[in-house]
Amino acid sequence: MRTGMRKGLFVSAVCAAALVFSLPAWSAPKEIVIGNLQDISGPTSVWGNAVTRGAEIAIEKINAAGGVDGAMLKLITLDTKANVQEAIKAYNSLVSSQAVAVVGPPVSNIGLALAPIANKAGVPLVGSFIDPRVTVGEDGKPQTAMFLMQPSSIQYSEIMAGYTVEKLGLKKVGVLYDQSNAFAVSLLKPYVEYVKKAGGQIVSEQIYTKGDKDYKTQLTKIKEAGADCLYFPNYIQDAVLAMKQRKQIGLNIPVIGGLDFAPPFASLVNDPEAADDIYLANNFSEKEPQLAEVWKIYKAKYNEDPVNKVFLGYDKILLIREGMKLGGGTASAQIIAGLSKVKNLQGTTGVLTISPETHQPTGLSMVMYKIEKGKYVELGRYVPEGHKK
């Protein structure tokens, strides 16, 4: 067991106890279907499979403790292949299969496409699609069936921007992002705005689009512009390529990235010189006690350390289960009502409270990490100055 985890076994025990609950008097079905929409075989499958494993562990624990008033949870996983049309087809299939709630993917493009469909179908999606438009409509009201369980792109971007300027003292920023990807685009504007307000500037803004594999031209332009850091808020497969090409052209400046730089990114790069001088914020610290039990189960089952998406998958099931409890039943409408009431739920990634106004979590902080020669070094929790006011 990792250092610092033993002291927190009592916290794990509390989390385990929270899995067992009895709903108010009602007639529970014998089996409750939970859908799971993830990229299992496509370009972001490393994340999709991790979310799935975390969700499976949570369901196994709930069922081992007696389920929901004796009814067992059944997870049905369908492969989106990171494709919007495949995801829509899969969601509709899950609704037809009587799924009462769905574990959503960490993909904003898919979340945006599914929002109007899920709102109409009335079967909630609990996901990590961080584009705020997924959970809040153009009218400023929450998307009825869409729920986020980690910081939004605005909060995450501002944390990274604050760390760039206020902590690292870097003020000449080069940006490279996928203009066709809602995830990347949602992480751009809040970051740029915060950097400028904090006294920094964007010296070069470069773009690419889905399917591009060669970023050396854009990276060279950023180098020539005299940037003292690179902001790269893109998917993991793009990040692996970009960091290798950064090394090839000699762009020796710090990189500020998103959650896709979390493990297993460095191992996928498989080059300590390329996976170096990179900063990111993660959902948790490996030293935090609430991770201990799930970490131990995962390690024993798969003979490897879990990545952050495992814990996100686990907590998505905890939220759905809490929605059933607070909503008074397992019907989709009851789960939606209950999810809007979640408050101070201890998860593995933190204490979760869902805002009924935004269907987004409130009060979640992030832990900063630096990748040095392929190794992750924890730097501690960080709150930007703009969030302290």
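The structure under discussion appears in the preceding block.
All values reported here derive from a predicted model rather than from experimental measurement.

Colleague: Teacher, can you tell me more about empty space enclosed by the protein here?
Modeller: Within this structure, the stated rule accounts for four cavities of 30 Å³ or more. Taken together, Thr 44, Trp 47, Pro 106, Val 107, Ser 128, Ile 130, Gln 150, Phe 183, Tyr 235, Leu 259, Asp 260 and Lys 309 form the lining of the largest cavity. Residues of the lining of the largest cavity, tallied by class, amount to seven nonpolar, three polar and two charged.

Colleague: Looking at this structure, I do not really get the packing of helix α11 (residues 308-327) against helix α12 (residues 332-339). What am I missing?
Modeller: What describes two packed helices is the angle between their axes and the distance between those same axes. Interaxial distance between α11 and α12 falls to 7 Å at its minimum, and their mutual angle equals 100°. Our classification of the angle between α11 and α12 gives roughly perpendicular. Within the contact between the two elements, α11 uses Leu 319, Ile 320, Gly 323, Met 324, Leu 326 and Gly 327 and α12 uses Gln 334, Ile 335, Gly 338 and Leu 339. For the contact of α11 with α12, the class distribution of residues is six nonpolar, four polar and no charged.

Colleague: What is the right way to look at the nonpolar core in this model?
Modeller: Counting 122 residues, the largest nonpolar core has Ile 34, Leu 230, Phe 261 and Phe 265 as the members making the most contacts within it. With nine residues, α11 is the single largest residue contributor to this core. Discounting chain neighbours no more than four positions away, the residues touching Leu 230 are Gly 174, Val 175, Leu 176, Leu 219, Ile 222, Met 243, Leu 251, Ile 253, Pro 254, Val 255 and Ile 256.

Colleague: What am I meant to see in the sheet that holds strand β9 (residues 255-257) here?
Modeller: Backbone-to-backbone hydrogen bonds join strands into a sheet, with any given pair of strands oriented parallel or antiparallel. Spatial ordering of the open sheet is given by β7-β6-β8-β9-β10-β13-β14, a layout of seven strands whose pairing is mixed. Of all the strands in the sheet, the pair left with one neighbour each is β7 (201-208) and β14 (375-382). Strand-to-strand twist across the sheet, computed as the mean angle between neighbouring axes with direction ignored, equals 25°. Examined bridge by bridge, strand β13 (residues 366-372) and β14 share seven bridges and lie antiparallel to one another.

Colleague: In this structure, what is going on with the packing of aromatic side chains? I would like to understand it.
Modeller: Under the criterion given, the structure shown has twelve aromatic pairs. Counting every residue linked through ring pairs, the aromatic cluster contains Tyr 208, Tyr 215, Phe 232, Phe 261 and Phe 265. Over the face of the ring belonging to Tyr 302 we find Arg 53, whose NZ or CZ atom lies 3.9 Å from the ring centre. Cation over ring: Lys 309 sits above Trp 47, and NZ or CZ is 4.1 Å from the ring centre.

Colleague: Even after reading the chapter, I still don't get the pattern of salt bridges, so can you show me in this structure?
Modeller: Where charged atoms from two side chains of opposite charge come close, those side chains can pair. Counted under the stated rule, the structure contains 15 salt bridges. Two residues, Lys 61 and Glu 293, come together in a salt bridge whose shortest N-O distance is 3.2 Å. Taken together, the residues Lys 61 in helix α2 (residues 45-64) and Glu 293 in helix α10 (residues 292-302) connect sequence positions 232 residues apart. Given a relative accessible area of 15%, Lys 61 falls into the buried group. A salt bridge links Lys 373 to Glu 273, with the nearest nitrogen and oxygen atoms 3.1 Å apart. Here the residue Lys 373 occupies a position in the loop between β13 and β14, and Glu 273 occupies one in the loop between α9 (265-269) and β10 (278-282), the gap between them amounting to 100 residues. The exposure class of Glu 273 is partly exposed, given its relative accessible area of 47%. Counted as one network, the salt bridges with shared partners bring together Glu 273, Asp 276 and Lys 373.

About the criteria used
- Numbers given to residues run from 1 along each chain, matching the order in which its sequence is written.
- Local features in this predicted model are restricted to residues whose pLDDT is 70 or higher, and side-chain atom pairs enter the listing and the counts only when it is 80 or higher, whereas totals over whole chains, interfaces and linings include all residues.
- Values reported for side chains reflect all heavy atoms of the structure, with hydrogen atoms and water molecules removed beforehand.
- Points on a 1 Å grid over protein atoms alone make up a cavity when a 1.4 Å probe fits among them but cannot get out, and a pocket when they form an open set with protein on both sides within 12 Å along at least five of seven lines; lining residues each have an atom within 4 Å of a point.
- Grid points are joined across faces, edges and corners, and a volume is the space filled by probe spheres set on the points.
- Three classes are used: nonpolar for Ala, Val, Leu, Ile, Met, Phe, Trp, Tyr, Cys and Pro, charged for Asp, Glu, Lys and Arg, and polar for all others, with Gly counted as polar.
- Working convention: axes come from line fits to C-alpha atoms, limited for helices to the stretch in contact. Angles between N-to-C directions cover 0 to 180 degrees.
- Every helix listed is a DSSP run of H or I at least four residues long, and every strand listed is a run of E at least two residues long, numbered separately from the N terminus.
- Any angle between 65 and 115 degrees counts as roughly perpendicular, while under 35 counts as roughly parallel, over 145 as roughly antiparallel, and the rest as oblique.
- Throughout, a contact is declared for two residues whenever any of their heavy atoms are within 4.5 Å.
- In this text, buried Ala, Val, Leu, Ile, Met, Phe, Trp, Tyr and Cys residues form a nonpolar core when linked through side-chain atoms within 4.5 Å.
- We call a residue buried when its accessible area falls under 20% of the maximum for its residue type, exposed when it is over 50%, and partly exposed in between, using a 1.4 Å probe and counting protein chains only.
- What makes two strands pair is DSSP finding at least two bridges between them.
- Two rings from Phe, Tyr or Trp (for Trp, the six-membered ring) form a pair when their centres sit within 6.5 Å of each other. Planes less than 30 degrees apart are called stacked, planes more than 60 degrees apart edge-to-face, and all others tilted.
- Charge over a ring is defined by NZ of Lys or CZ of Arg lying within 6 Å of the ring centre and within 35 degrees of the ring normal.
- Whenever Lys or Arg places a side-chain nitrogen within 4 Å of a carboxyl oxygen from Asp or Glu, that contact is recorded as a salt bridge.

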